[in-house]
Structures are given as structure tokens and as C-alpha cells.
Amino acid sequence: MEHSENRASQSCGACKKQKRKCDKLLPECGRCLRTSRTCDYDDTPKPPPTAADLENLQERLMDLENRLKGVSEAGSSSDTVCTSSPGTLATESSIPSREPNSFPSALFLDIDCYKWSHMQLPRPDAIIPMGNSILETSRLYFDTIHQWIPIISKKRLELGISLEDGRPEVALLFLAMKLNSYPPPAGDKFDPIYSAAKNFMVTLEASGAVSLIYLQAMTLMAVYEYSHSIYPAAWMTVGSCARLAELLGISPGRDSMNIMSPITTWTELEEKRRLWWAIYVLDRIISLGSRRRFCLPEPVDTDFLPADDDAWNSGDVAGVVHYPITTPFSIPVSPFSRLCQSALLISRAAVCRRDSQTELTHRIAAVLSLTEDLNNFNSILAEEMAPSSLNGYLRLLVPRCLTWSALFQLLDNYCCPEKISDEPGYTLSADIKGQVELAAQVQATLVVRSISDQAHEITANLMNIISHMPSHDQLGILSPFLLDALYCAMVTFQWIFRESGDEQAKARLTDIEVGMGRLSERWKLAGEYVALGEIYRKVGNT
């Protein structure tokens, strides 16, 4: 017979909820152990966080960073950071502290069994007390990175709701926020904290960490890897984000496993919607240069764009208006929704570019029709940027640059008089272009030159903005999502100069290269683009 000290005084919460008999064994009852559910005997409400809790958290996060840095600098491939017992944030170990098979494999092997038996995801071991003042440790993040990729609810952080469970994923989330908030070490390929944080992320994955916070951290890790041109990691991480988003069931308008707790507030629902859209945007952006196929499927026409940014940040449900993705561009929406609209246009441009089955005349008509849509969207964004504050200007600049990226992707092949590679848009070298093709070539060349000139003007504006920034850390408000369009403009001016000797094109190329060099101090991706431009220059001169 079990001793009384090994039994709880009452049934666990899961058995109470299902009205099932509980054996009250500690630390987990037999039924929860068999079904891999979270077994919790404590139904009493948690006391509100105190200033001491916050101070304790700050110390633990600092200790974690020091441990991570030490692991990275030691160069040991066998040591990773994993979850630990309550009262500590993390310790160094070669294996996860939880049994690998404690995660309910039925979630992947037999979803019907998972639902029928009411299995639940296990709770990681570490306990991290959170406080309402946590924004003090992430103020720079919300002042910069959050402006162009708002996926973490500022209001829920202020209230301590989203982090109240104190899971070890919280540490990873704050590390990812910090990685993106500050410039990387000069001259180093990798930030040592980044290298160790990746190990921490893998360890949490092996420990069965499946949560919204973990996906937010992984998404910010993908942003960091893309922004500093860390490949193939960036490509792989975006794909993992897409997979985890499907697993968590946050994809809009689709059947989901519903493995997360029920949503209780609109702010939480919107946070999940924004996270999915952020992954969608990343998935499209990271495929611009490689032209590879996307991981996330397209949303359906009835799916919503993100709601108003300011209303979500403040938790103002009275100011919320939802717009479907089919909303005309002429209807004003928030900057993050504009970013999502630009990503949808990138998808349309990719489909047009790959189309080699449609009859030539119809294909060109589709390209020109999409070109008109993109130009109209570009004009609308330019009009909205003109009266905006500096913050609004920069937030709208991101979707505008991605619109240029879509135009470059769509029209690049149509600018060339002859076929250079086997892709739609080119004609065979031995063939003569017809009138429809010639008209498309002229239109494509004019549009590409026009948006390159606009990119040059924007670069000059950015350099002026940078010169007036009070702190180097504030450069993070300039999104790395701008860089593909600026690079395409560089390549265009280099092509024009090489073909015609246009000195204005050469001067504008130099201006953008200087601007990209300045941006490379914050985002290493800009430096990679400058290096690629130099390769084009050398090849063109041989």
C-alpha cells in the first residue's frame, strides 16, 4: 500500500474536470501518466507577481545568457542547455531533463486516439516567475523590431498573461528578442549567444516544447538568421515555423488539431493570427532570391488580414475592424496588413513567373495585369507614406519595398531582348519577338527603371534618417525586409550602365551601395548583397 505522504489530499485537476476516479499519486496520478496529460493538484490561484519576482527573473536571464555564452565559447558540441528543476532557469546538460517519450506520440501517430483519450501536452519542468514590468527588459525590442513585425502582444506582456506559466520557452523568447534588438558583434559570423540559443532551441524541441511562445521564439530566430544571411539555417527555420504553425492549429480557415488551450480573449486570437501571417511573410521573402516554392499554403478569400496595429497593441477591442484578404487596396488598413498584402502579391508574381503552360499571349496579358495591380498598390503606399510620421513612414516602407521585389521578380525576364535561360518571359535567341512581346519588353523595362529610381530616392531618405538617429541601437527600426528591393535596384543600375554607359545609373548604383554598406552595420544581409553586386561588376568587366 502506498504511504499517505506519496498521495495528494485531493484529485488532480484533469481528473476532476473529466469526473474520473483519481489515484492521487504524486507527483503524477496514474491516469495522467498513462495519457501524457499535465497532472496538476494545485487549483488555487497564483498570487500576482511582485517586484522581487522580476528581479529574480532578471538575474536568471542574465545567468542563462552567461551560461549560453560559455557553452558557445567552449566550442563543445556535446553540451547544450536544457530545462531544469523548479527554482533554476536552465543548466548545462547533454540530454533533456524530461524523458523523451513523455510527449504524447499519438498526436502524430493516431490523432483520433489523442482526441478520444483527452491527452494533453506535457508541462516543461522549469518555472520562471514573470512580472507585469517585464517590458522594462524589452523596451528596445518594442521600439524597433516590433514596429515592422508585431507578433508579440505588448498588452498581454504588460498584464503578465502570456508568460504567467513561466515555461522554459520564455527564456528562449527573450533571447530571440534580444538577438534581434542589438547589432551583431563586429567581424564575427555568429553571435556566440545565437549559436548557443540554437542549441537551447533544439533541446527544448527534444523535450517536447510545443507552444505559441516557442513558435514566437522560433519565428524571431528565423528573422535573425535571414537578417544576417545565416544559411541554410534561415531557410530551414522558416520551414520549421510553417510546420509548427500547422501543428498548433493557428493557420486560418483550416481544420486544426486544437492542441492548445481554448482562446479566451480577442487579443490572444489576434496574436495567433499575426504570428501565422509573419511566418507567411517570411516564407515569401526568403524565397525571393532562390525562387523556390513556398512552405505555407495560400490563405482563402474569407480569411482575415491582421487587425489595426494600434488597437491590438493597446487591447482596444472597440476599435477593431476585420478585413478579408480580398479587401481592395484602396481601403486603408494598418501597416502590418499592408505588409501581408505585399506578401500576397509576391505569391501572385511567383505563380506568373513559373507559368509556362498558358498560351504566350494570355501569359503576357496576365503579367501586365498583375504589373498594373502592383503599380497601383505602390502608388497607394506612396500616398499613405507622404503625410505619415517617421514611424509610420518606415512601417509602410517595408510593404512598398516588397512590392518592388514582386515587380522585379515578375518583370526581370521580360526586360531582356533575347533568351538567356530557360524560363518564361524569354524568347529563343533564334526567334524574333512579336509585337505583343516587344510591347511587354518596353513596358517591363520602363517599370523596372522607374522602381529602381524610387529605390534610389528611398535610400537617400534612409541615409538622412540614420544620420539623425540618437543611438546606433535604433537602427533596428529599419527592417531588413527592405534589402531585397534595394539590391534588385543595384543590379538594375549595374545592368543599365553596362549596356549603355549611363553615368546617372552608375552614380545611383554607387549611392545605393554606400547606403547598403551603412545598413550592413545593423543587418549583415546588406553586406552580403553588396558582395554579390561586386561579383556582378567583376564578371561584367571580364
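Remember, predicted model here, so these are calculated numbers, not experimental data.

**So, the overall build of the chain**
Part 1: Helices and strands together make up the secondary structure of the chain, namely 21 helices and 2 strands.
Part 2: Classification of the 542 residues of the chain by burial places 51% in the buried group.

**Considering the packing of helix α16 (residues 360-385) against helix α17 (residues 390-411)**
Part 1: Relative to each other, α16 and α17 sit at 165°, their axes nearing to 10 Å. With respect to α17, the axis of α16 lies roughly antiparallel. The crossing of α16 and α17 is left-handed. When α16 is examined against α17, the residues Val367, Leu370, Thr371, Leu374, Asn375, Phe377, Asn378, Leu381, Ala382, Glu384 and Met385 are found in contact with a partner set consisting of Tyr393, Leu396, Leu397, Pro399, Arg400, Thr403, Trp404, Ala406, Leu407, Leu410 and Leu411.
Part 2: In the contact of α16 with α17, the residues fall into 16 nonpolar, 4 polar and 2 charged.

**Observations regarding the packing of aromatic side chains**
Part 1: Using the criterion set out here, one finds 10 aromatic pairs in the structure.
Part 2: Between Trp148 and Phe481, the aromatic rings sit 5.2 Å apart at their centres with planes inclined by 75°, giving edge-to-face as the arrangement. With Trp148 in helix α7 (residues 145-148) and Phe481 in the loop between α18 (435-467) and α19 (483-500), this residue pair connects regions lying 333 residues apart in the sequence. We note that Trp148, like Phe481, is buried.
Part 3: Ring plane angle 75° and centroid distance 5.3 Å describe the contact between Trp277 and Tyr280, whose orientation is recorded as edge-to-face.

**Notes on the confidence of the model for the chain**
Part 1: The share of residues in the chain with pLDDT of 70 or more is 74%, and the mean pLDDT across the chain is 80.
Part 2: Overall, residues 75-101 carries pLDDT values under 50, and its contacts beyond four positions in sequence, including any with other chains, amount to 63 contacts.
Part 3: Predicted confidence is poor over residues 124-134, with pLDDT under 50, and the contacts of this stretch with residues over four places away or in other chains come to 46 contacts.

**As for helix α20 (residues 503-519)**
Think of an α-helix as turning once every 3.6 residues; residues three or four places apart then point the same way.
Part 1: With 17 residues, α20 extends 25 Å from end C-alpha to end C-alpha; this agrees with the ideal 24 Å at 1.5 Å per step.
Part 2: Of the positions making up α20, those classed as buried are Ala505, Arg508, Leu509, Ile512, Glu513, Gly515, Met516 and Leu519. Projection of α20 onto a plane perpendicular to its axis shows the buried side chains occupying an angular sector of 165°, all on one side. Those residues of α20 that are exposed and aimed more than 90 degrees away from the buried face are Glu503 and Val514.

**Quick notes on a nonpolar patch on the surface**
Part 1: A cluster of nonpolar residues, Leu532, Ile535 and Val539, forms a patch on the protein surface that exposes about 270 Å² of accessible area.
Part 2: Among the secondary structure elements, Leu532 is positioned in helix α21 (residues 524-540).
Part 3: Under the relative-accessibility criterion, Leu532 is labelled partly exposed at 37%.

**Quick notes on the packing of α18 against α20**
Part 1: Two elements in contact, α18 and α20, have axes whose closest approach is 9 Å; the angle formed by their N-to-C orientations is 45°. One finds that α18 runs oblique with respect to α20. In this structure, α18 meets α20 at a crossing whose hand is left-handed. Facing α18, whose interface residues are Arg449, Asp453, His456, Thr459, Met463 and Ile466, α20 presents Gln504, Arg508, Asp511, Ile512, Gly515, Arg518 and Leu519.
Part 2: Per-class residue counts for the contact of α18 with α20 are 4 nonpolar, 4 polar and 5 charged.

**Examining helix α12 (residues 233-248)**
Part 1: In a regular helix each residue adds 1.5 Å, so 16 residues correspond to 22 Å; α12 covers 22 Å between its end C-alpha atoms and thus fits that length.
Part 2: The complete set of buried residues in α12 reads Ala233, Ala234, Thr237, Val238, Gly239, Cys241, Ala242, Leu244, Ala245, Leu247 and Leu248.
Part 3: The first or second residue beyond α12 is Gly249, which carries a positive phi of 75°.

**Overview of the environment of Tyr529**
Part 1: Along the chain, the position of Tyr529 falls in helix α21.
Part 2: Here the alpha-carbon distance between Tyr529 and Cys488, two residues 41 residues apart in the chain, equals 9.4 Å.
Part 3: Setting aside anything within four residues of it in sequence, one finds Tyr529 in contact with Tyr226, Leu483, Asp484, Tyr487, Met490 and Met516.

**Description of the nonpolar core**
Part 1: If you look at the biggest cluster of nonpolar residues, it comprises 127 residues, and the most contacted ones within it are Ile152, Leu215, Trp277, Leu397 and Leu478.
Part 2: Counting residues per element, this core draws most heavily on α17, which supplies 13 residues.
Part 3: Core analysis: the next-biggest nonpolar cluster, separate from the first, contains 9 residues, Ala14, Cys22, Cys39 and Tyr41 among them.

**Some details on the environment of Arg156**
Part 1: Within the secondary structure, Arg156 sits in helix α8 (residues 154-159).
Part 2: For the pair Arg156 and Glu271, spaced 115 residues apart in sequence, the C-alpha separation works out to 9.5 Å.

**Remarks on the pattern of salt bridges**
Part 1: Applying the stated rule across the entire model yields 16 salt bridges.
Part 2: Between Asp373 and Arg348 there is a salt bridge; the shortest N-O distance is 3.0 Å. Taken together, the positions of Asp373 in helix α16 and Arg348 in helix α15 (residues 335-354) put the pair 25 residues apart, joining distant regions of the chain.
Part 3: For Arg348, a relative accessible area of 38% puts it in the partly exposed group.
Part 4: Each member of the salt-bridge network shares a partner with another, and the members are Glu270, Arg273, Arg274, Asp309 and Arg395.

**Things to note about unusual backbone geometry**
Part 1: Put simply, Tyr231 and Pro232 share a cis peptide bond, and its omega is 5°.
Part 2: Mapping Pro232 onto the fold places it in the loop between α11 (212-227) and α12.
Part 3: Phi angles above zero are rare outside glycine, and Lys24 is one such case at about 60°.
Part 4: Tracing the backbone shows Lys24 in the loop between α1 (13-18) and α2 (30-35).
Part 5: With relative accessibility at 28%, the residue Lys24 sits in the partly exposed group.
Part 6: Its identity is not glycine, yet Ser229 carries a phi of approximately 55°, on the positive side.
Part 7: Mapped onto the elements, Ser229 comes out in the loop between α11 and α12.

The rules behind each value
- Residues numbered from 1 in each chain as written.
- Predicted model: local features only at pLDDT ≥ 70, side-chain atom pairs only at ≥ 80, totals over all residues.
- Heavy atoms only, no water.
- Helix = DSSP H or I, 4+ residues; strand = E, 2+ residues; numbered from the N terminus.
- Buried < 20%, exposed > 50% of the residue type's maximum accessible area, 1.4 Å probe, protein only.
- Axes fitted to C-alpha atoms, helices over the stretch in contact; angles between N-to-C directions.
- Parallel < 35°, antiparallel > 145°, perpendicular 65-115°, else oblique.
- Left-handed = near helix turned anticlockwise from the far one by under 90°.
- Contact = heavy atoms within 4.5 Å.
- Nonpolar A, V, L, I, M, F, W, Y, C, P; charged D, E, K, R; others polar.
- Phe/Tyr/Trp six-rings, centres within 6.5 Å; stacked < 30°, edge-to-face > 60°.
- pLDDT = per-residue confidence, 0-100.
- Expected span 1.5 Å × (residues − 1).
- Arc of directions from axis to C-beta.
- Patch = residues over 30% accessible without salt bridge, like charges linked within 9 Å, V, L, I, M, F, W, Y side chains within 5 Å.
- Areas by Shrake-Rupley, 256 points an atom, 1.4 Å probe, with all protein chains shown as cover.
- Salt bridge = Lys/Arg side-chain N within 4 Å of Asp/Glu carboxyl O.
- Core = buried A, V, L, I, M, F, W, Y, C linked by side-chain atoms within 4.5 Å.

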